[in-house]
Amino acid sequence: WGGLGHITTAYIASQFVSNSTEAYLKHLLRSNEPDYMAKVASWADSIRYTKWGRFTSTFHFIDAHDSPPESCNVDFERDCKGTGCVITALANYTEQSLDPSLPPWQRAQAAKFVIHFVGDLHQPLHNEDVARGGNGIHVKWNGRDFNLHHVWDSSIAEKWLGRGKPYPLAEKWSRDLTDKINGGIYSKEKDAWLADLDFSDPIETAMAWSRECNKLVCEYVFPEGPKAIVGQELSGEYYEKAAPMLEKQVARAGYRMAAWLDLIVDEFQ
Ligand code: DCM
Ligand code: DCM
Ligand code: DCM
Ligand code: ZN
Ligand code: ZN
């Protein structure tokens, strides 16, 4: 996701984590503010193009070698790169974040990676190989040229929320989504969102979330296949169908992030 998506998932998580998780993370991340998670949610994107952070550049996605729209599927052995993917990254940094033998700065860094990668794992094109997750596909947005990946990372959410500063927009969106989870349209399914969560098997948990997200590629990202979308204007009908699904993915990511962080902190203490 772009900034809005990551900040929002982290704000949602901060509304669902337990009191002890909040206290532990505020201490580890050295912040006592309500945005203690939101403000570190995009950090992993800021280091991936630096020299020391280059080793993390493939950690943000898994390249499902499937063939949408006929067949969507993702396979850990087949699709996770040797240099690492979002599945192994989430598992490795989960382990680091609860390893008491590591220094606090490294556990803090690991927690920042966990917060980021749970978010990215819920972006459909981060679970798809075609044209490097859509980066190589040119489309139109309000008449201008964009790549499809950017549309899904940022443009759809930006249109959905309207103009404004990212943090206030994300904070408001997170409150809307928290209400939808607690008592609105997601309240009946929120328990099912945690059904695949197995803290003893982070790889399988992440794969379950990835499979669910990859399915959306066939239905919402490439409903008529990758060739048919080239050059299409996406800010109309396509957007109307995509935005509610994208919103649900952001809600799921935030809710699952909170549950995962609670398990990390329970284990650590
Ligand atoms: N490191 C980090 N944050 C930085 C700089 C480095 O997390 N701002 C990491 C990269 C290495 C480790 O710390 O894993 C040691 O780095 P160095 O040898 O640069 O101290
Ligand atoms: N790292 C790790 N396990 C360790 C030490 C460091 O996973 N025992 C992390 C810290 C950095 C990354 O790996 O995020 C790169 O470390 P380095 O630059 O030390 O190879
Ligand atoms: N990306 C992806 N799948 C790929 C390659 C990249 O999901 N196979 C994502 C990571 C970034 C964005 O696309 O969010 C841009 O990546 P890059 O700058 O590496 O092209
Ligand atoms: Zn992206
Ligand atoms: Zn990312």
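Our structure is the block above this text.
Novice: An account of helix H8 (residues 148-161) is requested, with residue identities and associated values reported.
Specialist: Within an α-helix, residues lying three or four positions from one another point in the same direction, as the helix has 3.6 residues per turn. Taking 1.5 Å as the rise per residue, H8 with 14 residues should run 20 Å; its terminal C-alpha atoms sit 19 Å apart, in good agreement. For H8, the full list of buried residues reads Leu-148, His-149, Val-151, Trp-152, Asp-153, Ser-154, Ser-155, Ile-156 and Ala-157. Measuring from the backbone nitrogen of His-149 back to the side-chain oxygen at the start of H8 gives 2.8 Å, which picks out Asn-147 as the cap. At the exit of H8 stands Gly-162, carrying a positive phi of roughly 80°.

Novice: Can you lay out the coordination of the zinc ion (ligand 5) for me, pointing to particular residues and giving the numbers?
Specialist: Around the zinc ion (ligand 5), the protein contributes the donor atoms Asp-45 (OD), His-60 (ND1), His-116 (NE2) and Asp-120 (OD), at 2.0 to 2.7 Å from the metal centre. Around the zinc ion (ligand 5), the four donor atoms are arranged such that angles at the metal cover 84 to 174°; this shape is classified as irregular. Distance-wise, the zinc ion (ligand 4) is placed 5.7 Å from the zinc ion (ligand 5). Here the residue Asp-45 occupies a position in helix H3 (residues 43-47), and Asp-120 occupies one in helix H6 (residues 104-120), the gap between them amounting to 75 residues.

Novice: Summarise the packing of H6 against helix H13 (residues 237-268); cite the residues concerned and give the values.
Specialist: Relative orientation of the contacting elements H6 and H13 amounts to 150°, with a least axis distance of 9 Å. Taken together, the axes of H6 and H13 are roughly antiparallel relative to one another. Viewed along their axes, H6 and H13 form a crossing whose handedness is right-handed. Every residue of H13 that contacts H6 at Arg-107, Val-114, Ile-115, Val-118 and Gly-119 is listed here: Ala-253, Met-257, Trp-260, Leu-261, Ile-264 and Phe-268. Within the contact of H6 with H13, the residues separate by chemical class into nine nonpolar, one polar and one charged.

Novice: How would you sum up the site of ligand 1? Please name residues and give values.
Specialist: Around ligand 1 sit Trp-52, Trp-105 and Gln-109, and those are all the residues in its vicinity. Protein coverage of the free-state accessible area of ligand 1, which is 440 Å², stands at 30%.

Cut-offs used in this document
- Residues numbered from 1 in each chain as written.
- Chains lettered and ligands numbered in written order.
- Predicted model: local features only at pLDDT ≥ 70, side-chain atom pairs only at ≥ 80, totals over all residues.
- Heavy atoms only, no water.
- Helix = DSSP H or I, 4+ residues; strand = E, 2+ residues; numbered from the N terminus.
- Expected span 1.5 Å × (residues − 1).
- Buried < 20%, exposed > 50% of the residue type's maximum accessible area, 1.4 Å probe, protein only.
- Polar contact = N/O pair within 3.5 Å; in protein donor to acceptor, adjacent residues only side chain to side chain.
- Donors = N, O, S within 2.8 Å, 3.2 Å for Na, K, Ca; no water.
- Tetrahedral: all angles 85-135°; square planar, octahedral: opposite > 155°, others 65-115°.
- Axes fitted to C-alpha atoms, helices over the stretch in contact; angles between N-to-C directions.
- Parallel < 35°, antiparallel > 145°, perpendicular 65-115°, else oblique.
- Left-handed = near helix turned anticlockwise from the far one by under 90°.
- Contact = heavy atoms within 4.5 Å.
- Nonpolar A, V, L, I, M, F, W, Y, C, P; charged D, E, K, R; others polar.
- Near = heavy atom within 4 Å.
- Areas by Shrake-Rupley, 256 points an atom, 1.4 Å probe, with all protein chains shown as cover.

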